[in-house]
Structures are given as structure tokens and as C-alpha cells.
Amino acid sequence: FLKMTRVKRGNVSRKRHKKVLKLSKGFRGAGSVLFRTSNQQVMKALRYSYRNRRQKKRDFRSLWISRVNAAVRRFGLNYSEFMNYLK
């Protein structure tokens with residue numbers, strides 16, 4: 001039969017746990033203390049932050065459009081007409 005060498009991975013596990021717990025600092029309840037719940041919370045938080053970095057661009061664009069629209073209406077234009085005149 002095959003003999004397998006012993007794998008020592010105490011450091012790997014501890015490093016991973018510490019990394020996750022560091023990312024979850026400031027979370028409420030067990031989310032910042034226990035590894036398993038912390039890991040779930042961190043993964044969810046990272047998904048949200050990825051999604052919201054893209055969402056932020058859309059939000060600011062719509063805010064910008066509504067501000068420009070409000071400003072050009074004083075001159076009897078609307079946003080689309082104004083953008084058309086800029087071209």
C-alpha cells in the first residue's frame with residue numbers, strides 16, 4: 001500500500017482564519033468573532049461591495065443628469081436638448 005507523507009498545515013489554517021477575522025472587524029455579533037459566520041459575512045460583504053461599486057457609477061450618473069436637467073430648464077431647455085446642442 002501507498003505511504004503518504006504527513007502534511008502539517010497549522011499555519012495555513014490560522015493565517016486564513018486571521019485574514020477573514022481581520023476583514024470582518026466591526027461586524028455585529030458573531031460575525032466578527034466566530035470564523036464560520038465571519039467567513040459567510042465577509043463573502044457576502046465582498047459581493048455587495050463589488051456590486052455596489054458598479055451601482056455607484058449608475059447612481060452618480062443619474063444624479064448628474066437630474067442636476068444638469070434642473071440647471072438647463074431655467075434656460076428653456078431640457079437635458080436631452082442640451083446634450084444635443086453640445087454635439
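See the structure shown above.
Residues numbered from 1 in each chain as written. Predicted model: local features only at pLDDT ≥ 70, side-chain atom pairs only at ≥ 80, totals over all residues. Heavy atoms only, no water.

> What is the right way to look at the overall build of the protein chain in this model?
In terms of helices and strands, the protein chain carries three helices and zero strands. Its C-alpha radius of gyration of 26 Å places the protein chain more than 25% over the 12 Å reference for a compact globule of 87 residues. Along the first, second and third principal axes, the C-alpha set of the protein chain runs to 85 × 35 × 15 Å. Going through the 87 residues of the protein chain one by one, you find that 13% of them count as buried. For the protein chain, the proportion of contacts with a sequence separation of at least 24, taken over those separated by at least 6, is 0%. Accessible surface, the protein chain as shown: approximately 8400 Å² in total, 57% of it carbon and sulfur. (Helix = DSSP H or I, 4+ residues; strand = E, 2+ residues; numbered from the N terminus. Rg over C-alpha atoms; globule rule 2.2 N^0.38 Å. Buried < 20%, exposed > 50% of the residue type's maximum accessible area, 1.4 Å probe, protein only. Contact = heavy atoms within 4.5 Å. Areas by Shrake-Rupley, 256 points an atom, 1.4 Å probe, with all protein chains shown as cover.)

> Looking at this structure, I do not really get helix 1 (residues 10–23). What am I missing?
A turn of α-helix holds 3.6 residues, and therefore any two residues three or four places apart point the same way. End to end, helix 1 covers 20 Å across 14 residues, agreeing with the expected 20 Å (1.5 Å per residue, within 8%). Here helix 1 lies mainly on the outside; one of its 14 residues are buried. (Expected span 1.5 Å × (residues − 1).)

> Just checking my understanding: could you explain a positive patch on the surface for this structure?
A contiguous patch of positive charge on the surface is contributed by Arg14, Lys18, Lys22 and Lys25. By the secondary structure assignment, Lys25 is in the loop between helix 1 and helix 2 (35–73). (Patch = residues over 30% accessible without salt bridge, like charges linked within 9 Å, V, L, I, M, F, W, Y side chains within 5 Å. Salt bridge = Lys/Arg side-chain N within 4 Å of Asp/Glu carboxyl O. Lys, Arg positive; Asp, Glu negative; His and termini not counted. Charge placed at Lys NZ, Arg CZ, Asp CG, Glu CD.)

> Any chance you could explain the side chain of Ser24 here in plain terms?
Along the chain, Ser24 turns up in the loop between helix 1 and helix 2. Within polar-contact distance, the side chain of Ser24 engages the backbone oxygen of Leu21 at 3.1 Å. (Polar contact = N/O pair within 3.5 Å; in protein donor to acceptor, adjacent residues only side chain to side chain.)

> What should I look at first to understand the side chain of Asn69 in this one?
Counting through the fold element by element, Asn69 comes out in helix 2. When its relative accessible area of 18% is taken as the criterion, Asn69 is described as buried. Non-local contacts of Asn69, meaning those with residues more than four positions away in its chain, are made with Asn78 and Tyr79.

> When you look at the environment of Phe35 in this model, what are you seeing that I'm missing?
Checked against the element boundaries, Phe35 lands in helix 2. Under the relative-accessibility criterion, Phe35 is labelled buried at 16%. Each C-alpha atom, one on Phe35 and one on Leu21, is 6.7 Å from the other, the two residues being 14 residues apart in sequence. Excluding anything up to four places from it in sequence, Phe35 contacts Arg16, His17, Val20 and Leu21.

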